[in-house]
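Inside the fold
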Amino acid sequence: MDQLLWRVLPLLTLLISFSLFFYLQSPIIKLPGDECSLLPYSHYWISSKRILTSQGFISGSVEINEGKIVSIVEGYGKKDNSVHQVIDYGDAVVMPGLIDVHVHLDEPGRTDWEGFVTGTQAAAAGGVTTVVDMPLNNHPTTMSKETLELKLEAAEDKIYVDVGFWGGLVPENAQNTSILEGLLDAGVLGLKSFMCPSGIDDFPMTTIEHIKEGLSVLAKYRRPLLVHSEIQQDSESSSELEGNGDPHSYKTYLDTRPPSWEEAAIKELVDATKDTRIGGSLEGAHVHIVHLSDSSASLDLIKEAKRRGDSISIETCPHYLTFSSEEIPDKDTRYKCSPPIRDASNREKLWEALLDGHIDLLSSDHSPTVPKLKLLKEGDFLKAWGGISSLQFDLPVTWSYGKKHGLTLEKLSLLWSQKPAKLAGLESKGAIAVGNHADIVVWQPEVEFDLNDDYPVFIKHPSLSAYMGSRLAGKVLDTFVRGNLVFKDGKHAPAACGVPILAK
Ligand SMILES: NC(=O)N[C@H]1NC(=O)NC1=O
Ligand SMILES: [Zn+2]
Ligand SMILES: [Zn+2]
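Let me sum up the structure you'll find in this document. A quick note: this is a predicted structure, and the numbers were derived from the prediction, not measured.

What counts and how
Residues numbered from 1 in each chain as written. Chains lettered and ligands numbered in written order. Predicted model: local features only at pLDDT ≥ 70, side-chain atom pairs only at ≥ 80, totals over all residues. Heavy atoms only, no water. Donors = N, O, S within 2.8 Å, 3.2 Å for Na, K, Ca; no water. Helix = DSSP H or I, 4+ residues; strand = E, 2+ residues; numbered from the N terminus. Buried < 20%, exposed > 50% of the residue type's maximum accessible area, 1.4 Å probe, protein only. Pairing = 2+ DSSP bridges. Right-handed = clockwise from strand over helix to strand, strands pointing away. Salt bridge = Lys/Arg side-chain N within 4 Å of Asp/Glu carboxyl O. Disulfide = S-S within 2.5 Å.

As for the coordination of the zinc ion (ligand 2)
Protein-derived coordination of the zinc ion (ligand 2) comes from His228 (ND1) and His291 (NE2), at a distance range of 2.1 Å. Between the two metals, the zinc ion (ligand 2) and the zinc ion (ligand 3), the spacing is 3.7 Å. Of this pair, His228 sits in strand 11 (residues 224–228) while His291 sits in the loop between strand 12 (286–289) and helix 10 (297–308); the two residues are 63 residues apart in sequence, bridging distant segments of the chain.

Structure representation (C-alpha cells):
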C-alpha cells in the first residue's frame, strides 16, 4: 500500500502543477479592466422611454462603445436583444450623470473626515459621475504644483468616479505668480479663495487685492476663480459677532453671520468683475460665487453685474433650498454651515432666482468632519464644525423639494450637469450627446424611500447628515462613468477606475 502511494504521489504532484499552470494562463484570470465595470462588455445599448439627450427627452436607445456615446436612436423597443447587448430600463429616467463642482474630499491629511474611496463611492451611489475637489480641508492645502501631485498620488486607484481639482488662491501664491502658474500648468481646473477665515489654519483668507492678482493670471488660462464670498463686518456689535445668546439655539449662530457679510464680499467682487467684460483688462477671467445664501441685496448686486456683461456666475446648494432657520432644532449642529441657512422667505426667493435662471447651478459643498468636531452631543452651534454632509443625496433632495416648486427634469439636469460642466471646462461631459463620455445616471423620480439606518449610505459619517431620517423621492438605480457600470442596485464595481481630470 505504502509503495503504491510513493509511486502515485510524484504523478499526482505533476498533475496538480500542470493544472495550476494552465489555470493561471487561462483567460478565467480577471484583468484589472474587468473589475472597473459591473458589465462584462464595453459595447452595448441603453434603452428607455425617458432619455434626456442634449436635444430633449426621447424614447429610444443610446449606443455606448469603449466609454463614449456613439449613437442615439429614437424609437423604444427597436433594438433587438438577440443581436445587440441591450440594457432595457423601461420608463426609468436616463440622464447625464451629475457633476458636483464643490466637494471637500479631504485627502490626503484628513481621511478621517472623508476620503477618495468613501466620497467617490457616495457620489457613484447618488448618480454623481464627476466631482471637483476643493483645495482645503486636506493637508497640505492644494496651492502649488507639488501639493497637487500629493493629491494625485493619494487618489490613485481610489476614485470610483472622475475627479477634477480646484487649486487654492492664498496670499502666498497670489504674491508669487510662478507658484500660481505652476499650479495651473499642473492641471487644476481653476482656483478657489476665501474672503473670510476658512476654518482651516493653512488656508488663509485673501483680500480683494490678492483676488485681482489671481484673476490677472487666470485671465491668461481662461479658468474660473471660485470665491467663498463673506467678509466679516466689524461694524456689527461685538456681542453679535461672538454670539452672546444661547449657543444651543440656531438663531444665536445665525445672528453672528448676517447677510451683510455676503453683501460686503460681493460688492468688492462685482467691482473687480467690471474688468472681465469684453475688452476689459481682465477679459478671459471669470468669478464664480460659491454657495450663495442671501437672496436679497447680494443677489441683486450679481444680477446687475450680469446685466452689464461681467463674467460672473453663482451657485447655491440644496441645504439653502431645503431647510429654513426657523425649523432647525436646538442643538442640532448637523445644520451648521457658512454662510448660514436663513429664513423661509429667503429660501423661497432662492427658488425663484434658481428657476428664473439668475442662479446658474447647484453644488453640494459636501464638507464633513469627524463626529467629535460636530459636537452633536454638546449641541454648541458656535463651536461646532461648519459643513453639510450631503454628496450622495444631491439628486433626490433637489428633486424632492424642487418638484414642489415647479422644477422640471430638464432644468434639474441643466443645473446639475450642463452648467457645472461649462464652469469646470469639461467639454465632453454634462450632456447625453454623440462623442461625449458615457457618464449616465438611471433613476426613478417617482419612487420614494426613507433615508434611515437601513439605507445604504456611503459617506463616511452618515450621522452628520441633516438629511438622515427624511423621506425622499428619486431613487438612483444605476450609474455609468465613461461607460463603466460603476454602481448597480446598491453595489459598486470591484475596482475604482475613475479618472483624475486635469486641465491642459
Ligand atoms: N472649510 C470648509 O469646508 N468650509 C465650508 N463649510 C461650510 O459650511 N462652508 C464652507 O465654506
Ligand atoms: Zn465656502
Ligand atoms: Zn466648501
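After that view, the rundown keeps rolling.
Quick look at the pairing of strand 11
Burial of strand 11 is extensive: five of the five residues sit out of reach of the surface. In strand 11, alternate side chains face the same way, and those of Pro224, Leu226 and His228 on one face and Leu225 and Val227 on the other are all buried. Relative to strand 11, strand 10 (residues 191–194) runs parallel, the two being bridged by four bridges. Looking across to strand 11, one finds that Lys192 is bridged to Leu226. In this fold, strand 10 hands off to helix 6 (residues 208–221), which returns the chain to strand 11; that crossover is right-handed. In the sheet, strand 11 pairs with strand 12 via four bridges, with the strands oriented parallel. Residue pairing in the sheet places Pro224 in a bridge with His286 of strand 12.

Here we look at the pattern of salt bridges
All told, the structure shown has 25 salt bridges when counted by the stated rule. A salt bridge links Glu107 to Lys158; the shortest N-O distance between them is 2.8 Å. Linking Glu107 in the loop between strand 6 (98–103) and helix 2 (116–125) with Lys158 in the loop between helix 3 (145–155) and strand 8 (162–165), this pair joins segments that are 51 residues apart in sequence. Residue class for Glu107 comes out buried when judged on its relative accessible area of 7%. By relative accessible area, Lys158 is classed as partly exposed at 27%. Here Glu149 and Lys145 are joined by a salt bridge, their closest N and O atoms 3.2 Å apart. Of this pair, Glu149 and Lys145 both sit in helix 3, four residues apart, which is roughly one turn of that helix. The class for Glu149 is partly exposed, based on a relative accessible area of 37%.

Side note on the state of the cysteines
In the structure shown here, the tally under the stated rule is one disulfide. The disulfide partner of Cys36 is Cys497, and the S-S distance across this bridge is 2.0 Å. Residues Cys36 and Cys497 are joined by a disulfide whose S-S torsion is about -70°; by sign, that bridge is left-handed. With a gap of 461 residues between them, Cys36 in the loop between helix 1 (2–25) and strand 1 (43–53) and Cys497 in the loop between strand 18 (491–492) and strand 19 (500–501) connect regions that are remote in the sequence. Given a relative accessible area of 11%, Cys36 falls into the buried group. Since its relative accessible area comes to 26%, Cys497 is described here as partly exposed. Lacking any disulfide linkage, Cys317 is separated from the closest cysteine sulfur, that of Cys337, by 7.8 Å.

A word on the coordination of the zinc ion (ligand 3)
Note on the zinc ion (ligand 3): its protein donors are His102 (NE2), His104 (NE2) and Asp365 (OD). The metal-donor distances range over 2.1 to 2.2 Å. Along the chain, the residues that donate to the zinc ion (ligand 3) are spaced as H-x1-H-x260-D.

So, the sheet that holds strand 8
Taken in spatial order, the four strands line up as 6-7-8-19 in an open sheet, and their pairing is parallel. Lying at the two open borders of the sheet, with one neighbouring strand each, are strand 6 and strand 19. Sheet topology note: the strand 7 (residues 128–133)/strand 8 ladder contains four bridges and is parallel. Its bridge partner lying in strand 8, Val131 is registered against Val163.

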